[in-house]
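# What the coordinates show
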Amino acid sequence: CAPTEVLVDKAAAALGIGLTGMVTAPWQAFLLYGGVFAVGNGVASVVPISVMVSRWFPGRTGIAASAAISGISVGQLVMIALMAVVLVEAGWRSVYVWLGITNLVLIPIVVLAIAHDRGHQAAAAAAPRPVAGLGMREAARSRRFLLLAAVYAICGFQDFFVATHVVAFAQDRGVEALFAGNLLALMGLTGLMGVIVAGVWSDRSGPKWPTLACFVIRIAVFALILVDQDPPAVAAFALLYGSTF
């Protein structure tokens with residue numbers, strides 16, 4: 001990952017979400033949050049971290065990547081609770097301003113991670129180079145690559161769809177408003193447990209079985225919510241689905 005790109009994208013994410021607290025029209029929210037922040041956050045989050053971690057820990061990539069990416073779940077658990085307090089005390093605009101400041105604070109940490117990655121690459125430069133992988137054009141003609149891309153697309157759609165609607169859905173089905181709001185944070189907790197288990201499992205038996213288990217759980221909880229939408233079933237759906245993040 002190019003250091004300059006990561007820094008620029010992280011700064012864009014901070015700017016996009018921070019300025020969202022100052023919008024006065026819907027199109028501004030779409031532009032800043034749905035455009036500037038989304039692009040910056042998407043480029044400077046999971047993808048470069050996964051690449052760097054896989055280089056640092058080639059023998060234990062599964063658990064190392066899980067530990068790193070589990071920060072998303074921890075952040076979801078902690079930040080939602082903190083932002084709820086800010087929302088009550090200072091209003092929704094302040095929530096976005098503080099999120100922007102938080103993203104800016106993370107930039108020095110990103111710089112340190114990139115510097116460490118560069119040092120690791122320099123130290124490994126003299127080692128025998130692995131066989132080069134496929135280029136994008138060759139990979140795009142591979143059935144396995146296309147299948148993997150489809151899996152990621154399905155997962156991404158499901159994750160953001162559920163995260164966007166689960167609180168409102170829970171309230172519509174009779175879940176008390178405070179608990180419905182906390183469901184999203186609790187999904188971060190079950191996601192933390194799930195990603196650690198998946199990382200250890202992946203290191204021991206490869207990624208296929210954890211991936212299969214993830215989809216089996218998702219199919220089961222969607223089947224549950226189709227036949228039972230009482231509050232306990234909605235809570236079980238949210239928490240079990242969260243474990244597959």
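Up top is the structure these notes are about.
To keep things clear, this report deals only with the structure shown in the data block. Just so we're clear, the structure is a prediction, and the values are computed from it rather than from any experiment. (Residues numbered from 1 in each chain as written. Predicted model: local features only at pLDDT ≥ 70, side-chain atom pairs only at ≥ 80, totals over all residues. Heavy atoms only, no water.)

## A word on the overall build of the protein chain
Note the cut-off: Think of it this way: any DSSP run of H or I at least four residues long counts as a helix, any run of E at least two long counts as a strand, and we number them from the N terminus. Relative accessibility under 20% of the residue-type maximum defines a buried residue, over 50% an exposed one, and the middle range a partly exposed one, all with a 1.4 Å probe and only protein chains included. We call two residues in contact when some of their heavy atoms are within 4.5 Å. Methods summary: accessible areas were calculated by the Shrake-Rupley approach with a probe of 1.4 Å, and residue burial reflects only the protein chains presented.
Of the regular secondary structure elements, the protein chain holds ten helices and zero strands. Moving toward the C terminus, one meets the helices and strands of the protein chain in the order α-α-α-α-α-α-α-α-α-α. Scored against the burial criterion, the 245 residues of the protein chain give a buried share of 29%. For the protein chain, long-range pairs separated by at least 24 residues make up 70% of all intrachain contacts whose partners lie at least 6 apart in sequence. Surface accessibility of the protein chain: about 15000 Å² in total, with carbon and sulfur atoms responsible for 73%.

## A word on the side chain of Arg218
Here Arg218 shows up in helix H9 (residues 208-227). Ignoring anything within four residues of it in the chain, the contact list for Arg218 reads Cys155, Gln158, Asp159, Tyr241, Thr244 and Phe245.

## Some thoughts on the packing of aromatic side chains
Stated formally: To pair, rings of Phe, Tyr and Trp, with the six-membered ring standing in for Trp, must have centres within 6.5 Å; the planes then decide the type, stacked if under 30 degrees apart, edge-to-face if over 60, and tilted in the middle.
Overall, the coordinates contain eight aromatic pairs when judged by the stated rule. Between Tyr33 and Phe37 the ring centres are 5.3 Å apart and the planes differ by 20 degrees, which places this aromatic pair in the stacked class. Taken together, the positions of Tyr33 and Phe37, both in helix H2 (residues 26-43) and four residues apart, correspond to about one turn of that helix. Measuring from ring centre to ring centre gives 6.0 Å for Trp92 and Tyr96, while their planes differ by 80 degrees; the resulting arrangement is edge-to-face. You can see Trp92 and its partner Tyr96 sitting in helix H5 (residues 92-124), four residues apart, about one turn around the helix. Exposure remark for Trp92: the relative accessible area of 38% places this residue in the partly exposed category.

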